[in-house]
Amino acid sequence: MQPNNAQITVQGKTIELPIRKGTIGPDIIDIASLYKKTGTFTYDPGFTSTASCESRITYIDGNQGILLYCGYPIDDLAEHGDFLETCYLLLFGSLPNRANKKEFDHLVQQHHMVDEQFSRFFQGFRRDSHPMAVMVACLGAMSAFYHDSIDITDPQQRNIASIRLIAKIPTLAAMAYKYSISQPFIYPLNTLHYTENFLRMCFAVPCETYSINPIIARAIDRIFILHADHEQNASTSTVRLAGSSGANPFACIAAGVACLWGPAHGGANEACLKMLEEIGSVQRIPEFINRAKNKKDPFRLMGFGHRVYKNYDPRAKIMQKTCHEVLKELDLKDDPLLKIAVELEDIALHDEYFIEKKLYPNVDFYSGITLKALGFPTSMFTVLFALARSVGWVAQWKEMIEDPAQKIGRPRQLYTGPSKRNYIQIQKRP
Ligand code: SDX
């Protein structure tokens, strides 16, 4: 047997399958030839042991609680860089030098405005539409407005579409928020940095001057960095699968937004805040901890647990620090929800159930409290997650499209339905 091969015996037939090593992290067994050689499929519906692709973008070590963007620890990027630097890194694989950074920031700034017809597009929605529903629609609609950058075979068009997505999603997100509170849309101001621009488009009104709080702007920018990419999570896998058919990038990112909306994924920050509000007081925490442990109760502790992290999510620690900074800056350090969150975290981390199942706070646990303190309604929390994750989706989509070995994703199944049976005409049925 070759040293770098795995051996598997199926119905008495033994075959060898190549083992491939990555730079860091678990090896993989390449099973592409398994069906051809044995007539059997593998089965792993939640992808708990399955690598769906090769990527050079993000690495997670779930046991050590490590997250690297193109090799750079998330702590360093969040501490020293800004979101557009992370965007450049994820798109091009290396940190920008000063000239690149200046040019990239300027390029993104030139694309913040959306087609003026989008303001008419919004008129079709009810004012109380969930902003995530609006974002799914707007992202899909971008392929109707920007059809001069949907030819995925043209590198120039792929790059323009990538920049348009990163630059216009904050504008659309701010428009979704303004529309939901019946306030006029605020146009982007290209003299402002990306995140300052977003805050102004959300919170400025035409009748007053708006001043940016630099501590708040820095906090939001850091939150965007934390959420920018995360390996092959559910929404990124959705974007890759949609893109594998050759669908245009805007449609693929719309699919990613739709998937992110689920409470088990990006919707958890909204669900976590609602959970903290439902708990309502420190005294009721044990009741909810018991519900989370009760197999008969579908309740789960939102913001806790992760498919990959079986240690503290490194983003949660930075999120917790940011949360305290924001609440202090806004003189909300006595926020009752924060008190409940801190107490809930402490109790859960010392509870046998959570320890045994390696359930730790994830990125969503503190983000909801922070975003609420910043003035965003709960319904906007996942929109902000989608805004930040859009660069990760775009980078992963681009990597897949530019992979010469790329082919359409088409999983198989274990069929447990009825075998072939005879059709009986309706007249002959009882
Ligand atoms: C994100 O994949 C990513 O990278 C996602 C993300 C990203 O950046 O893209 O990190 C963002 O989605 C973070 C996760 C946000 N979701 C939540 O906070 C929702 C609450 N968490 C759970 O729903 C759950 O932990 C998941 C969905 C996050 C992970 O679920 P898994 O990996 O499928 O694990 P599992 O459901 O098999 O749970 C293992 C055990 C189970 O008990 P047993 O059946 O073994 O007895 O742990 C239990 C679960 O019941 N469990 C929990 C729990 N999470 C798991 N019990 C109580 N509360 C929880 N939160």
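Let me sum up the structure you'll find in this document. Being a predicted model, the structure only gives us computed values, none of them experimental.

Definitions and cut-offs
Residues numbered from 1 in each chain as written. Predicted model: local features only at pLDDT ≥ 70, side-chain atom pairs only at ≥ 80, totals over all residues. Heavy atoms only, no water. Near = heavy atom within 4 Å. Polar contact = N/O pair within 3.5 Å; in protein donor to acceptor, adjacent residues only side chain to side chain. Areas by Shrake-Rupley, 256 points an atom, 1.4 Å probe, with all protein chains shown as cover. Nonpolar A, V, L, I, M, F, W, Y, C, P; charged D, E, K, R; others polar. Pairing = 2+ DSSP bridges. Helix = DSSP H or I, 4+ residues; strand = E, 2+ residues; numbered from the N terminus. Phe/Tyr/Trp six-rings, centres within 6.5 Å; stacked < 30°, edge-to-face > 60°. Lys NZ or Arg CZ within 6 Å of the ring centre and 35° of its normal. Salt bridge = Lys/Arg side-chain N within 4 Å of Asp/Glu carboxyl O. Buried < 20%, exposed > 50% of the residue type's maximum accessible area, 1.4 Å probe, protein only. Disulfide = S-S within 2.5 Å. Contact = heavy atoms within 4.5 Å. Expected span 1.5 Å × (residues − 1). Bend = angle between axes of the 7 residues up to and from the residue.

Quick look at the site of the ligand
For step 1, the next point in the chain: Taken together, 24 residues are adjacent to the ligand, and His230, His306, Arg307, Arg315 and Arg389 come closest.
For step 2, the next point in the chain: The contact in question runs from an oxygen atom of the ligand to an N or O atom on the side chain of His230, over 2.6 Å.
For step 3, the next point in the chain: Contact between the ligand and Asn362: an oxygen atom at 2.9 Å from a side-chain N or O atom of the residue.
For step 4, the next point in the chain: Notes on the ligand: free accessible area 1,100 Å², of which the protein chains cover 77%.
For step 5, the next point in the chain: A per-class count over the shell around the ligand returns ten nonpolar, seven polar and seven charged.

Notes on the sheet that holds strand 2 (residues 13-20)
For step 1, the next point in the chain: Strand order across the open sheet formed by three strands is 1-2-3, with antiparallel pairing between neighbours. Across the chains shown, the open sheet's two edge strands, defined by having one partner strand only, are strand 1 (5-10) and strand 3 (28-29).
For step 2, the next point in the chain: Across six bridges, strand 1 lies against strand 2 in antiparallel orientation. Within strand 2, the position partnered with Val10 by the bridge is Lys13.

Brief notes about the side chain of Asn5
For step 1, the next point in the chain: Position of Asn5 among the secondary structure elements: in strand 1.
For step 2, the next point in the chain: A polar atom in the side chain of Asn5 sits 2.8 Å from the side chain of Glu16.

A word on the pairing of strand 4 (residues 58-61)
For step 1, the next point in the chain: Relative to strand 5 (residues 66-69), strand 4 runs antiparallel, the two being bridged by four bridges. Looking at strand 5, one finds that Tyr59 is bridged to Leu68.
For step 2, the next point in the chain: A loop of four residues connects strand 4 with strand 5, the two strands running antiparallel in sequence, and Gly65 in this loop sits at a positive phi of about 70 degrees.

Examining the packing of aromatic side chains
For step 1, the next point in the chain: Here the structure, examined in full by the defined rule, presents 25 aromatic pairs.
For step 2, the next point in the chain: Site record: aromatic cluster; members linked through ring pairs are Phe118, Phe121, Phe122, Phe125, Phe145, Tyr146, Tyr179, Phe185 and Phe250.
For step 3, the next point in the chain: For the cation-ring pair, Arg412 lies above Tyr35, with the distance from its terminal atom to the ring centre recorded as 5.9 Å.

So, the pairing of strand 5
Walk down a regular strand and you will see the side chains alternate between the two sheet faces.
For step 1, the next point in the chain: Pairing geometry for strand 5 and strand 6 (residues 72-73), over two bridges, is antiparallel. If you follow Leu68 over to strand 6, its bridge partner there is Pro73.

Observations concerning the pattern of salt bridges
For step 1, the next point in the chain: Enumeration according to the criterion identifies 22 salt bridges in this entry.
For step 2, the next point in the chain: Among the ionic pairs, Asp297 bridges to Arg291, the shortest N-O distance being 2.7 Å.
For step 3, the next point in the chain: Classification of Asp297 as buried rests on a relative accessible area of 18%.
For step 4, the next point in the chain: Owing to a relative accessible area of 26%, Arg291 belongs among the partly exposed residues under this scheme.
For step 5, the next point in the chain: Counted as one network, the salt bridges with shared partners bring together Glu79, Arg222, Lys321 and Glu325.

Focus: the state of the cysteines
For step 1, the next point in the chain: For the coordinates displayed, the defined rule picks out zero disulfides.
For step 2, the next point in the chain: Free of any disulfide, Cys259 has its nearest neighbouring cysteine sulfur in Cys252, separated by 13 Å.

Points about the environment of Leu172
For step 1, the next point in the chain: Looking at the element boundaries, Leu172 is found in helix 7 (residues 155-180).
For step 2, the next point in the chain: Sequence-distant contacts of Leu172, that is, excluding residues within four places in its chain, are made with Val114, Phe118, Phe122, Met135, Cys138 and Met142.

Section: helix 6 (residues 131-145)
For step 1, the next point in the chain: Taking 1.5 Å of rise per residue, 15 residues should cover 21 Å, and helix 6 covers 20 Å from first to last C-alpha, within 8% of that figure.
For step 2, the next point in the chain: Where helix 6 is concerned, the buried positions are Pro131, Met132, Val134, Met135, Cys138, Leu139, Ala141, Met142 and Ser143.
For step 3, the next point in the chain: Contacts from the buried residues of helix 6 go to helix 5 (117-123), helix 7, helix 11 (249-260) and helix 18 (381-401).

A short note on helix 7
For step 1, the next point in the chain: If you check helix 7, its first and last C-alpha atoms are 37 Å apart, about what 26 residues at 1.5 Å a residue would give, namely 38 Å.
For step 2, the next point in the chain: Maximum bend of helix 7: about 35 degrees, positioned at Lys168, with proline Pro170 one to four residues after it.
For step 3, the next point in the chain: In terms of residue burial, helix 7 counts as a mostly covered element, since 21 of its 26 residues are buried.
For step 4, the next point in the chain: In this structure Asp154 caps helix 7, since a side-chain oxygen of it lies 2.8 Å from the backbone nitrogen of Gln156.

Quick notes on the side chain of Arg315
For step 1, the next point in the chain: Structurally, Arg315 is set in helix 14 (residues 314-329).
For step 2, the next point in the chain: The buried category is assigned to Arg315, whose relative accessible area is 2%.
For step 3, the next point in the chain: Setting aside anything within four residues of it in sequence, one finds Arg315 in contact with Leu67, Leu226, His230, His306, Tyr309, Val363 and Arg389.

Topic: the sheet that holds strand 4
By definition, the strands of a sheet pair up through backbone hydrogen bonds, in either a parallel or an antiparallel sense.
For step 1, the next point in the chain: Reading across from one edge, 4-5-6 is the order of the three strands in this open sheet, with antiparallel pairing throughout. Looking along the sheet, the strands with just one partner apiece sit at the ends: strand 4 and strand 6.

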